Amino acid sequence: MGRALGPLSALLVLAGIAAAFGYAPRDAIQGNVQRIMYLHVPAILTAYVAIGVVLVASIAYLWSRRPDWDRTAAAAGELAVCFIALTLVTGSIWGKPTWGTWWTWDARLTSTALLFVIYLGYLLLRSVVDDPERGATYAAVLGIVGALDVPIIHFSVQWWRTLHQPATVLRPQAPTMDGAMLVALVLNVAAFVCLFAYLAARRYRLLTLEAQATARAWQ
Amino acid sequence: MPEFARRAWAVLWKDLVVERRAKEGANALGFFAILLLFLFYLALGPDRERIQSALAGLFWLAFLLAGVLGLGRSFALERENDCLDALVLAPGDKGGLYLGKVAGTTALMLGMEVVFIVATGLLYNLDLWAAVPRLLVVAFFGTVGFAAVGTLFAAMTAQLRAREVLLPVFLLPLVVPVLLAAVRLTEAALAGEPWSGAAAWWQLLVGFDVVFVVAGMLTFEFVLEA
């Protein structure tokens, strides 16, 4: 299955780029700068998916003590950091021409930056523990605690201050977006989630091979 | 007393007795808190208005920084005398042990926080005595949240080499909601505003405490036995 995901993600990403530049219309107010949204929004949504996978795999690891769940959490954790970083970078690039600044202490930016720091810490924790089983357990606990903290951080920072435009797709009412834009966005979200699944599967495979090689070296 | 509470009480009692006999933690933390007051004063200058407007933030910066030290010490004690092994060997549920450690850290930090608040009033010559009861309520709930997450990570990092650096790195981003809520509520307490204006922050702070005390009780066993 992992193999089929590769070409499929490549196809979807190409289609997504084509839709973002060719099919979706220019934004009436922001102009072409707005097209960065087709990268920005799928990146953060995929990061949330990755954080969810870390949570589920962490609970499953503590429950079953099977190393394959630990590898799943490790692969998803790395990708969570990648996609959060991508969100921050694309947001910055969009913010400069739109808000006139690379960075501002707006609620969403702040909570996303906190997520970045927490999951960077998650990778750090994985790297500093020598004993693999202990490292897996610690990482699982941080994976659970971190994911529980995500909604709390979101609300606390939201109340603290906000300036970001409110969410336009994931909200109770119908999206306020041109149909063609929405199609391009959904296509890109599908492409990113597929890409995530592919990369996670590859990383998982690599971690399995590494574990096997280590086990063989000890024999 | 149910088994569970007895277990928690035993750990808390042990920590309190160790503290009463050695007095290392309480003395060092109290001293550190007063030292921080000096540093804040020197950094911000003698302007009273400026200090007063930043007071709530200064309180919680001091509490968090001293709290990280207190947590590190709490588990250094367990590590040095191989007490951790004894805790692991204790039969039955580990949730009680966790509650005991959280309570011990909370008690130690609350002591330090009282010293800090009183010293602030005296040294900065501020009239905050009327607000003290409400400040202590906020301090209690904020400290419980901090200790709930902190105990979990202090138990983890106690086993690692670079523990002094790693504990704050893992802990501080996770307790940002506590910082935001507690600073806002402390501001309300200092200004003498009614709690009703900050009801959402109370919900957030108490919710944080409940979520992470429960999560800690469920996961502490795994951390200890790893």
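Report follows, based on the coordinates. Computed from a predicted structure; not experimentally measured.

Cut-off values and rules
Starting afresh in each chain, residues are numbered from 1 along the sequence in its written order. Naming scheme: in the order in which they are written, chains are lettered from A and ligands are numbered from 1. Two thresholds apply to this predicted model, a pLDDT of at least 70 for residue-level local features and 80 or more for giving and counting side-chain atom pairs, whereas whole-chain, interface and lining totals are computed over all residues. Side-chain calculation: all heavy atoms of the structure are included, whereas hydrogens and water are not. Each helix corresponds to a stretch of at least 4 residues labelled H or I by DSSP, and each strand to a stretch of at least 2 residues labelled E; elements are numbered beginning at the N terminus. Here the globule rule is a power law, 2.2 Å times the number of residues to the power 0.38, and the radius of gyration is based on C-alpha atoms. A simple rule labels every residue: compare its accessible area, found with a 1.4 Å probe on the protein chains alone, to the largest value its type can have, and call it buried under 20%, exposed over 50%, or partly exposed in between. Whether two residues are in contact is decided by their heavy atoms, any of which lying within 4.5 Å being enough. Using a 1.4 Å probe, the Shrake-Rupley method yields the accessible areas, and only the shown protein chains count as cover for residues. For the purpose of counting charges, residues Lys and Arg are taken to be positive, whereas Asp and Glu are taken to be negative. His and the chain ends are not included. By convention, the charge on Lys lies at NZ, on Arg at CZ, on Asp at CG and on Glu at CD. Defined here as a combined quantity, buried area equals the accessible surface (1.4 Å probe) lost by two parts on assembly, summed across both. Salt bridge, as applied in this entry: a Lys or Arg side-chain nitrogen positioned within 4 Å of an Asp or Glu carboxyl oxygen. Polar contact is the term for a pair of N or O atoms within 3.5 Å; when the atoms are in protein, one must be able to donate a hydrogen and the other to accept it, and sequence-neighboring residues count only if both atoms are side-chain atoms. Any two cysteine sulfur atoms within 2.5 Å of one another count as a disulfide. Fitting a line to C-alpha atoms yields each axis, with helices limited to the stretch in contact; the angle taken between N-to-C directions then spans 0 to 180 degrees. Angular relationships are summarised with four words: roughly parallel below 35 degrees, roughly antiparallel beyond 145, roughly perpendicular across 65 to 115, and oblique for the angles in between. We call a crossing left-handed when the near helix sits turned anticlockwise from the far one by less than a right angle, and right-handed when that turn is clockwise. Side-chain classes follow a simple rule in which Ala, Val, Leu, Ile, Met, Phe, Trp, Tyr, Cys and Pro form the nonpolar group, Asp, Glu, Lys and Arg form the charged group, and the remainder, Gly included, forms the polar group. Only centres within 6.5 Å qualify two rings of Phe, Tyr or Trp (six-membered ring in Trp) as a pair; their planes then separate them into stacked at under 30 degrees, edge-to-face at over 60, and tilted for everything else. Note on criteria: charge over ring means Lys NZ or Arg CZ within 6 Å of the ring centre, with the direction from the centre no more than 35 degrees off the ring normal. To qualify as a nonpolar core, a set must consist of buried Ala, Val, Leu, Ile, Met, Phe, Trp, Tyr and Cys residues joined through side-chain atoms within 4.5 Å.

1. What to know about the overall build of chain A
Piece 1. The helix and strand inventory of chain A stands at six helices and zero strands.
Piece 2. Along its sequence from the N terminus, chain A presents helices and strands in the succession α-α-α-α-α-α.
Piece 3. Taking 2.2 N^0.38 as the reference for a compact globule, 219 residues should give roughly 17 Å; the C-alpha atoms of chain A span a radius of gyration of 19 Å, in line with that estimate.
Piece 4. For chain A, the C-alpha atoms occupy an extent of roughly 65 × 40 × 30 Å along the three principal directions.
Piece 5. Classification of the 219 residues of chain A by burial places 44% in the buried group.
Piece 6. In chain A, once contacts between residues fewer than 6 apart in sequence are set aside, the share between residues at least 24 apart is 78%.
Piece 7. Put simply, chain A shows about 11,200 Å² of open surface, and 69% of that area lies on carbon and sulfur atoms.
Piece 8. Of note, chain A has its 16 positive side-chain charges centred 6 Å away from the centre of its 11 negative side-chain charges.

2. Some thoughts on the interface of chain A and chain B
Piece 1. In this complex, chain A contributes 28 residues to the contact, which on the side of chain B involves 28 residues.
Piece 2. Carbon and sulfur atoms supply 82% of the area buried between chain A and chain B, which totals about 2,500 Å² over both sides.
Piece 3. Note that Arg161(B) and Asp130(A) form a salt bridge whose closest N and O atoms lie 3.0 Å from each other.
Piece 4. At the surface where chain A touches chain B, the tally comes to one residue pair in polar contact (both at pLDDT 80 or more).
Piece 5. Only α4 (107–128) and α5 (132–160) of chain A provide two or more residues apiece to the side of chain A that touches chain B.

3. Some points on the environment of Ala26(B)
Piece 1. With respect to the helices, strands and loops of the structure, Ala26(B) is situated in helix α2 (residues 24–44).
Piece 2. When sequence neighbours within four positions are dropped, the list of residues in contact with Ala26(B) reads Glu19(B) and Leu108(B).

4. Let's talk about the state of the cysteines
In protein structure, a disulfide is the covalent linkage between the sulfur atoms of two cysteines.
Residues and elements named next belong to chain A.
Piece 1. The final tally for this structure, using the stated rule, is zero disulfides over all chains.
Piece 2. Cysteine Cys82 remains unbridged, with the sulfur of Cys194 as its closest cysteine sulfur at 17 Å.
Piece 3. Residue Cys82 is classed as partly exposed on the basis of its relative accessible area, which comes to 47%.
Piece 4. On the basis of relative accessibility, which here comes to 9%, the residue Cys194 falls in the buried class.

5. Focus: the packing of helix α4 (residues 55–80) of chain B against helix α9 (residues 176–191) of chain B
Between two packed helices, what matters for the description is the angle formed by their axes and the separation of those axes.
Residues and elements named next belong to chain B.
Piece 1. The interhelical angle for the contact between α4 and α9, taken along N-to-C directions, is 135°, at an axis separation of 8 Å. If you check the angle between α4 and α9, you find them oblique. For α4 against α9, the interelement crossing comes out right-handed. Contacts between α4 and α9 pair Leu55, Ala56, Gly57, Phe59, Trp60 and Leu64 from the former with Leu179, Ala182, Val183, Thr186, Glu187 and Leu190 from the latter.
Piece 2. When its residues are assigned to classes, the contact of α4 with α9 shows nine nonpolar, two polar and one charged.

6. Thoughts on the packing of aromatic side chains
Piece 1. In the structure shown here, the tally under the stated rule is 17 aromatic pairs over all chains.
Piece 2. On the numbers, 6.5 Å between centres and 70° between planes, the contact of Phe83(A) with Phe196(A) is edge-to-face. Taken as a pair, Phe83(A) in helix α3 (residues 67–99) and Phe196(A) in helix α6 (residues 179–218) lie far apart in primary sequence, 113 residues in all. The two residues Phe83(A) and Phe196(A) agree in class, both being buried.
Piece 3. A ring pair is formed by Phe141(B) and Trp202(B), whose centres lie 5.6 Å apart and whose planes are at 85°; its orientation type is edge-to-face. Residue Phe141(B) is found in helix α7 (residues 132–157), and its partner Trp202(B) is found in helix α10 (residues 199–225); the two are separated by 61 residues along the sequence.
Piece 4. Taking the relative accessible area as the measure of exposure, Trp202(B) reaches 14% and is therefore buried.
Piece 5. The cationic tip of Lys101(B) hangs over the ring face of Phe75(B); the distance from NZ or CZ to the ring centre is 4.9 Å.

7. Some thoughts on the nonpolar core
Piece 1. Ranked by size, the top nonpolar core spans 114 residues in total, and within it Tyr119(A), Phe59(B), Phe116(B), Val149(B) and Phe153(B) carry the most contacts.
Piece 2. By residue number, the principal contributor to this core is α5(A), which donates 13 residues.
Piece 3. With near-sequence residues (within four places) excluded, Phe59(B) lies in contact with Phe116(B), Ile117(B), Thr120(B), Leu128(B), Leu135(B), Thr186(B) and Leu190(B).
Piece 4. One finds Ala19(A), Met37(A), Met181(A) and Ala184(A) within the second-largest nonpolar core, a separate group that totals nine residues.

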